[in-house]
Amino acid sequence: MRSATGVWRWRRNPLRRATDLAEAWVALVAALLLVTAAPVVGWIAGSLADASLRQSARTQAESRHQVTATVLRDAPPAKASTYDPESAARDKGRAVVARWTAADGSKHTGRISTALPDPRPGETLTLWTDDRGRPAGRPLDAETAQVHAVLAGVVGAFACAGVIESARRLITWRLLRRRYARLDRAWAVVGPDWGRAGAGS
């Protein structure tokens, strides 16, 4: 029975107002959009994100190379300078000075971070570098790209649903304001005579 509480808005009866019918149509349209548009928007957002992330993963896989670096010594404390988010994310762990040979054969020496608990001179570690032999982050893999694409699709669907529900609430609020305005106008006409004997004669 509770599921049919709003059916009276569709039926012809003297109590039904124009705003009641408009509110029912708004609710129906919003429900249809939630069922159809939100999934479509989520699918489109996920597909676009998936294509972009796969392209980014391919580009990173082509431009980044895994090399072996040899620890030379502990690195001195870094100087306080402007914050670089990319280098900060890369420098997690213990910093050492190491030497490595890039994919193009060039020799490099520089400061890198390692997950080794106690790196000693002569120890080797794996390092990702770009085409110029500079330290770089691990390339994006296909599984991570897919997870990010799914999350983008879910966020897109929920964002669309939020916009639809916000629009429904806004329209309903405006209809309610219009309903109250009409009631105020009607009361302004009838109110002064309310309860007076013979007012309706």
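As a starting point, this report considers the structure included with it.

Time to look at the nonpolar core. The biggest cluster of nonpolar side chains holds 9 residues, and these are Val67, Ala69, Val71, Val96, Ala98, Trp100, Ile112, Leu125 and Leu127. Among the secondary structure elements, those contributing two or more residues to this core are strand E1 (65-74), strand E2 (94-101) and strand E4 (124-129).

What follows concerns the side chain of Thr172. Summarising the element assignment, Thr172 is placed in helix H3 (residues 142-190). With a relative accessible area of 18%, Thr172 lands in the buried category. A polar atom in the side chain of Thr172 sits 2.8 Å from the backbone oxygen of Arg168.

The next point concerns H3. With 49 residues, H3 should reach 72 Å at 1.5 Å per residue; the first-to-last C-alpha distance of 72 Å fits that figure. Along H3, the residues that are buried comprise Ala145, Ala149, Gly153, Gly156, Ala157, Cys160, Ile164, Thr172, Leu175 and Arg179. Sitting at the amino-terminal end of H3 is Asp141, which places a side-chain oxygen 3.2 Å from the backbone nitrogen of Glu143.

Calculation notes
Residues numbered from 1 in each chain as written. Predicted model: local features only at pLDDT ≥ 70, side-chain atom pairs only at ≥ 80, totals over all residues. Heavy atoms only, no water. Core = buried A, V, L, I, M, F, W, Y, C linked by side-chain atoms within 4.5 Å. Buried < 20%, exposed > 50% of the residue type's maximum accessible area, 1.4 Å probe, protein only. Helix = DSSP H or I, 4+ residues; strand = E, 2+ residues; numbered from the N terminus. Polar contact = N/O pair within 3.5 Å; in protein donor to acceptor, adjacent residues only side chain to side chain. Expected span 1.5 Å × (residues − 1).

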